[in-house]
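# Coordinate inspection notes
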Amino acid sequence: MQVCLVTGGNSGVGLMTAVGLAKLGNHVFIACRSANKAAKAIDYIRQTTGNQNVTFLPLDLASLESVRNCVKLFNEKNLPLHILVNNAGIFNRRGTTKEGFELIWGTNYLGHFLLTYLLLEKLQESAPSRIIMLASDLALSPSGIDWNLLVKKTPLNFIKLYAVSKLSLLLLTRELSQRLNNSQVTVNAIHPGFVQSNITIWHRLSKYLGLGISSEAGAYSTLICATSPDYQNVSGKFLDSHTQEILLPKVAQNQELSEQLWERSLLWAGCNQQQKTKNNYDGNDEIWGPNSLLLTSNEIADITQYIFDKVLRKLPIKILLKQVVKSFIRFDIGSLFIILVQVFTKSFYMERHLDSPVILQLCQDKNLLERLNAHLGENLVLWRSELWVNYPAQQLIPFWHQDSYPKLLKGDGKTIHAYIALTEVNEYNGFEYIPNIYLKDCQIKGTDPFSGNQFFEISDEVAQKAIPVVLHPGEFVLFTDRLLHRSVRNNSGKVRLSLTLRLTQPEVKVLPGYTSNFQEPVILQSQK
């Protein structure tokens, strides 16, 4: 008996593939999103084949966290893995994955990449073993990969992204076959043909119009490639629904493109990362910490989930519209710009402490206030809060800058900034700063016309001296307006959420402008 895992094994070609594998007496795992659909499929397989060794694994390929959890659940069963069939896919849905990748490519390719990558060691330990990728003849149409399209919402021409997702699977097939050359793990791709499946309405109608082939016929090549002794040593091939080889176009044989896709996939899925030792920030560079909020890890996790589910999904539309009107009247271009950034980028949310008690609760944390009081004294003036959501492959503020805000603050007094990690912050997704000893080598490049903050030009040699900020959820650092820093491109494979608070002393006047909700600053009472 062999152990098999089929993604999307609850319907269509995936279901028929699972049936075929179960008929041979194998232990078959069906990995899909819906537990109800999986239960129906498992009952059907058991009744059809008489094989009771059919098991459900929850898997949402549009969530890299779900992929990791699926692998964790499988590994906990302490079983080998002989056959992995990456069958699941979507065709005409629009949007982004949980981590912010284009939905079709992220589901069809990146989710399967991470699943396969995390199971590679298991497959090698279980060798001889086989990996099957369900591709499409549409993979033959793209001339290349536009990387920028992969980190945006699905465009109108979704077919292009579907084709690129299938081309990516062909490139992955080729790359893995080379990397696994002497491991007795084979990797092949299958074009099942035009199948009477449920992937689109046209596929569903095709059987009534006498078009296409059945799901059983669509699973034929997959089953042959996965089980026949004739294919035990065949790897790196693209086969049609009759197991005939399809010649690959030059783009699918491009070694440089294949390696680029592999490296980007590793970064975007958060693979192969070794986190640096946690840093301590002693104030020599105008940054202090890490310190911890007076909250347990479970409380932080609950608050973070609430922010994702309730706060970020529900923009204060009335407040924003009111600010838009005020900005037009005052000809406040900066505030209009900030509002547009919040609405369209969905990575930056300002002043949510004014409408969300959960955010205000974080601002009033006892441990946080004690640290702030030590720097600013009593009666802290909270004049701005910013929620930052950094999705994989994105870089929020790529410019080296200092947070001084000379056009928004007036008067003599100290200022401080608090950066609170609500998810893991590390060298792959947070921010980095330049030590003070190198500031003399940094030249001013420009100025933000709205805030007055300065941008700096820094040589590659100095940039390599940058120190990353590493924090666990619920930890925070404080820093002054002298800290020269920038965001890091998120290569962690996970969404990073943080809360930045801007604070000053009562003597400093906060000027209107460059805000989505100008109100009188909130006074945070001293803990003394």
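This section reports on the structure supplied with the text. These numbers were taken from a predicted model, which means no experiment stands behind them. (Residues numbered from 1 in each chain as written. Predicted model: local features only at pLDDT ≥ 70, side-chain atom pairs only at ≥ 80, totals over all residues. Heavy atoms only, no water.)

This part takes up the overall build of the protein chain. Helix and strand counts for the protein chain stand at 15 helices and 23 strands. With respect to the three principal axes, the spread of C-alpha positions in the protein chain is 80 × 45 × 45 Å. Counting only residues that meet the buried cut, the protein chain has 55% of its 528 residues in that class. By sequence separation, contacts in the protein chain at least 24 residues apart represent 80% of the contacts at least 6 residues apart. Positive and negative charge centroids in the protein chain, built from 52 and 45 side chains respectively, lie 7 Å apart. (Helix = DSSP H or I, 4+ residues; strand = E, 2+ residues; numbered from the N terminus. Buried < 20%, exposed > 50% of the residue type's maximum accessible area, 1.4 Å probe, protein only. Contact = heavy atoms within 4.5 Å. Lys, Arg positive; Asp, Glu negative; His and termini not counted. Charge placed at Lys NZ, Arg CZ, Asp CG, Glu CD.)

Under the definition given, this model contains 3 cavities of 30 Å³ or more. Approximately 180 Å³ is the volume attributed to the largest cavity. Elements supplying a minimum of two residues to the lining of the largest cavity: strand E11 (380–390), strand E20 (485–487) and strand E21 (496–504). The biggest single contributor to the lining of the largest cavity is E21, with 4 residues. Here the residues of the lining of the largest cavity sort into 6 nonpolar, 6 polar and 5 charged. (1 Å grid on protein atoms, 1.4 Å probe; cavity = no way out; pocket = protein on both sides within 12 Å on 5 of 7 lines; lining within 4 Å. Points joined across faces, edges and corners; volume = space filled by probe spheres on them. Nonpolar A, V, L, I, M, F, W, Y, C, P; charged D, E, K, R; others polar.)

Attention now goes to the pattern of salt bridges. Where charged atoms from two side chains of opposite charge come close, those side chains can pair. Across all of its chains, the model carries 10 salt bridges by this definition. The residue Glu 76 makes a salt bridge to Lys 72 at a minimum N-O spacing of 2.7 Å. Relative accessible area serves as the criterion here: at 47%, Lys 72 is assigned to the partly exposed category. Here Arg 502 ties to Glu 386 by a salt bridge, and the two come within 2.8 Å at their closest N and O atoms. In this pair, Arg 502 is assigned in strand E21 and Glu 386 in strand E11, connecting sequence segments 116 residues apart. (Salt bridge = Lys/Arg side-chain N within 4 Å of Asp/Glu carboxyl O.)

None of the figures reported here should be taken as evidence of function without further support.
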